[in-house]
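If you want the building blocks of each chain, they are given just below.
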Amino acid sequence: MKLCMIGTGYVGLVSGVCFADLGNEVICVDNNIKKVNLLKKGKIPIYEPGLSELVVKNFKNKRLHFSSDLKKSVKESDIIFICVGTPTKKGGSSADLSQIYNVSKEISSSINKFKIVITKSTVPVTTGDEIEKILSKKNSKKKFSVVSNPEFLREGEAIRDFIYPDRVVIGTNDKKAGRILKNLYSPLISKGTSYLQTSRRAAELIKYASNAFLATKITFINEIANLCEKTDINVEDISIGMGLDKRIGGRFLRAGPAYGGSCFPKDTKAIISTADKFKTNLSVIKSVIKSNANRSKILLDRVYQILNKKIRKKKISFLGVTFKANTDDMRDSSSLKMIPWLSKKGAIINYFDPTGYKKEFSKLKNVSHKSTINSAIEGSDLVIIHTEWNDFKSINFKNLVKGKKFIIFDMRNIYSSTKIKDQGFKYFSVGK
Ligand code: UDX
């Protein structure tokens, strides 16, 4: 079986290279010729641990190919994965499906033998039905099968998540397609991965419901953290105590800044929009979105209190600005709300991130990128640990500062408060 991944963004590239590494022949297609040429040279446009090595290895052994010719690549393949973006519509909250439908039209004129056409991109319920309509305008229904196979890859952990997923979800009622895809995923299933075959619409909704639920879990613990701060309780004890209940589970109960990234903010909005279309009120998810939108304000208010209500001319250092560790992704990172607000209030901000300079802050007054932790925190009044990079987990603050001691606000609860306080620093964390 020959595979074709359309879109070499996060999902398409990671899935394509992992399928190639499992022994399949894979063509990764993108309409950006520059990107395709860079990929052929082993240059990876995104930061993802382990990805570059796998791309080079599989490109060299000729299992992985790159092309900008969609029609030719589709003709040569048996299984087509649509992996293009489904961002939030400009000025709206529903998913913009224009790339999905454009690609479907192109596929439609290249069906020369039986093809399985799969949405791996996150697409609202009934998108598969629409793709089927587009394909059937030019082709008999016997020539193709439209399937939903959502991805559950976390940035920074994407390769591990692909190889050791909690589950593979295949949405199809077509026996032939189901059999072929079960076989494609058999190397993962034989290692114990759960394999779930559902209706296409159910698979589409499983993705949104999962992300919305995880976003709810985080928002829930963030609100509990607010209560802990007022009642002298450590939120980590609550997360452990709750997590030991197998019905709840301990993961995604780390309190911290607002959740961000390319998926949770976009998908929570899109599921509400789908529900509106079907006249259903998802009130829980609506309040999650609202609460998360207010999260940065709550943390900024704490910064204001920590600095005795004086932000003007205060030197504030940010350690980490990406939405989480092990990614260079700034999309919906809470730092995008915090840094502009503090800059507007007159703070002087230095930031260091292991993935370097961020253009998002280039126009802000008194905001500078520093290339080391030391230079970022030198002379600071307040150091904010914003992202949980390993680089920040064992800093010896005492050795780093000469003279004035700064205050530390650890928004990811990386450090033990007693250890830092013993070194003579004022230390604040979240939910404690
Ligand atoms: C997510 C989903 O996990 C993945 O399955 C999906 O396909 C894509 O979206 P990702 O966006 O890479 O992956 O990040 P994830 O690790 O899930 O974290 C999302 C946000 O939640 C981050 O801002 C992170 O800092 C925050 N988070 C996560 C918490 O604040 N607390 C937690 O306990 C876990």
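Remember, predicted model here, so these are calculated numbers, not experimental data.

(A) Up close: empty space enclosed by the protein. Here the structure, examined in full by the defined rule, presents one cavity of 30 Å³ or more. Looking at the largest cavity, its volume works out to about 40 Å³. Residues of the lining of the largest cavity, tallied by class, amount to two nonpolar, four polar and two charged.

(B) Fine view of the packing of aromatic side chains. What the rule picks out here adds up to 13 aromatic pairs. A centroid spacing of 5.9 Å and a plane angle of 80° characterise the contact between Phe397 and Phe406, whose relative ring orientation is edge-to-face. By relative accessible area, which is 0% here, Phe397 ends up buried. Judged by its relative accessible area of 2%, Phe406 is buried. Aromatic rings pair up to connect Phe19, Phe81, Phe162 and Tyr185 into one cluster. In this structure, Lys176 packs its charged tip against the face of Phe114, placed 3.8 Å from the ring centre.

(C) How the structure looks around the pairing of strand E9 (residues 315-319). Among the five residues of E9, four are classified as buried, and the element is accordingly described as predominantly covered. Where E9 meets strand E10 (residues 348-352), five bridges bridge the pair, whose relative direction is parallel. Note that in E10 the partner of Lys315 across the bridge is Ile348. Following the backbone out of E9, through helix H14 (residues 335-344) and into the adjacent parallel E10, one traces a crossover that is right-handed. With four bridges joining them, E9 and strand E12 (residues 382-385) adopt parallel strand pairing. When the bridges of E12 are listed, Phe318 appears paired with Ile384.

(D) View of the layout of surface pockets. Of the volumes computed, that of the second largest pocket is approximately 240 Å³. Where the lining of the second largest pocket is concerned, the elements lending two or more residues are helix H12 (264-277), helix H13 (283-306) and H14. For the lining of the second largest pocket, the class distribution of residues is six nonpolar, five polar and three charged. For the lining of the second largest pocket, the two domains that each supply at least three residues are domain 2 (208-293) and domain 3 (295-429).

The rules we used
- Residues numbered from 1 in each chain as written.
- Predicted model: local features only at pLDDT ≥ 70, side-chain atom pairs only at ≥ 80, totals over all residues.
- Heavy atoms only, no water.
- 1 Å grid on protein atoms, 1.4 Å probe; cavity = no way out; pocket = protein on both sides within 12 Å on 5 of 7 lines; lining within 4 Å.
- Points joined across faces, edges and corners; volume = space filled by probe spheres on them.
- Nonpolar A, V, L, I, M, F, W, Y, C, P; charged D, E, K, R; others polar.
- Phe/Tyr/Trp six-rings, centres within 6.5 Å; stacked < 30°, edge-to-face > 60°.
- Buried < 20%, exposed > 50% of the residue type's maximum accessible area, 1.4 Å probe, protein only.
- Lys NZ or Arg CZ within 6 Å of the ring centre and 35° of its normal.
- Helix = DSSP H or I, 4+ residues; strand = E, 2+ residues; numbered from the N terminus.
- Pairing = 2+ DSSP bridges.
- Right-handed = clockwise from strand over helix to strand, strands pointing away.
- Domains from an automatic or database assignment.

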